[in-house]
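For reference, the chains in residue letters:
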Amino acid sequence: MKQLLRSTDITVIAFARALLQGEDIDCFEMDVNMSVLEGSIGILPRRLMVRAEDYDRALRTIRDNGIDVDG
């Protein structure tokens, strides 16, 4: 699995997941429990992971929809 996106904004993560599901790209959200434990401070980012073979297509999908990706 490769990290596609890292963000403290849960709306960005939700939007990215919806886009990927629409393209039939499986994704997995990591660090959900850690960000819930820290409360509403919003300092711990969540990561969105995809399969290595889906990475390029997933990256193109979220960039084409205006989501900024580091790296």
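Further up the page is the structure itself.
Presented here is a report on the structure given in the accompanying data block. If you're wondering where the values come from, they're calculated on a predicted model, not measured in any experiment.

A few points about the side chain of D54
Part 1 of the reasoning: Mapped onto the fold, D54 is located in the loop between β3 (46-50) and α3 (55-64).
Part 2 of the reasoning: Among residues more than four places away in sequence, those in contact with D54 are I25 and D26.

Some details on unusual backbone geometry
Part 1 of the reasoning: Even without glycine at this site, D24 takes up a positive phi of about 60°.
Part 2 of the reasoning: Summarising the element assignment, D24 is placed in the loop between α1 (10-22) and β2 (27-30).
Part 3 of the reasoning: Owing to a relative accessible area of 67%, D24 belongs among the exposed residues under this scheme.
Part 4 of the reasoning: Phi is positive for D31, close to 70°, though the residue is something other than glycine.

A few points about the packing of α1 against α3
Part 1 of the reasoning: One can describe the packing of α1 onto α3 by two numbers: an axis separation of 10 Å at closest approach and a directional angle of 125°. Classed by the angle they form, the pair α1 and α3 counts as oblique. Crossing of α1 against α3: the hand is right-handed. Side by side, α1 and α3 meet where A16, L19 and L20 of the first sit next to A58, T61 and I62 of the second.

Re the pattern of salt bridges
Part 1 of the reasoning: Scanning the entire structure with this criterion turns up 5 salt bridges.
Part 2 of the reasoning: Put simply, E29 and R17 hold a salt bridge, and the shortest N to O gap is 3.0 Å. Placement of the pair is E29 in strand β2 and R17 in helix α1, with a sequence separation of 12 residues.
Part 3 of the reasoning: R17 gets classed as partly exposed once you look at its relative accessible area, which sits at 26%.
Part 4 of the reasoning: Taking the shortest distance from any N to any O, the salt bridge between R47 and D31 comes out at 2.6 Å. Residue R47 is located in strand β3, and its partner D31 is located in the loop between β2 and α2 (32-37); the two are separated by 16 residues in the primary sequence.
Part 5 of the reasoning: By relative accessible area, D31 is classed as partly exposed at 26%.
Part 6 of the reasoning: A cluster of three or more residues bridged by salt bridges with shared partners is formed by R17, E29 and R46.

Parameters at a glance
- Residues numbered from 1 in each chain as written.
- Predicted model: local features only at pLDDT ≥ 70, side-chain atom pairs only at ≥ 80, totals over all residues.
- Heavy atoms only, no water.
- Helix = DSSP H or I, 4+ residues; strand = E, 2+ residues; numbered from the N terminus.
- Contact = heavy atoms within 4.5 Å.
- Buried < 20%, exposed > 50% of the residue type's maximum accessible area, 1.4 Å probe, protein only.
- Axes fitted to C-alpha atoms, helices over the stretch in contact; angles between N-to-C directions.
- Parallel < 35°, antiparallel > 145°, perpendicular 65-115°, else oblique.
- Left-handed = near helix turned anticlockwise from the far one by under 90°.
- Salt bridge = Lys/Arg side-chain N within 4 Å of Asp/Glu carboxyl O.

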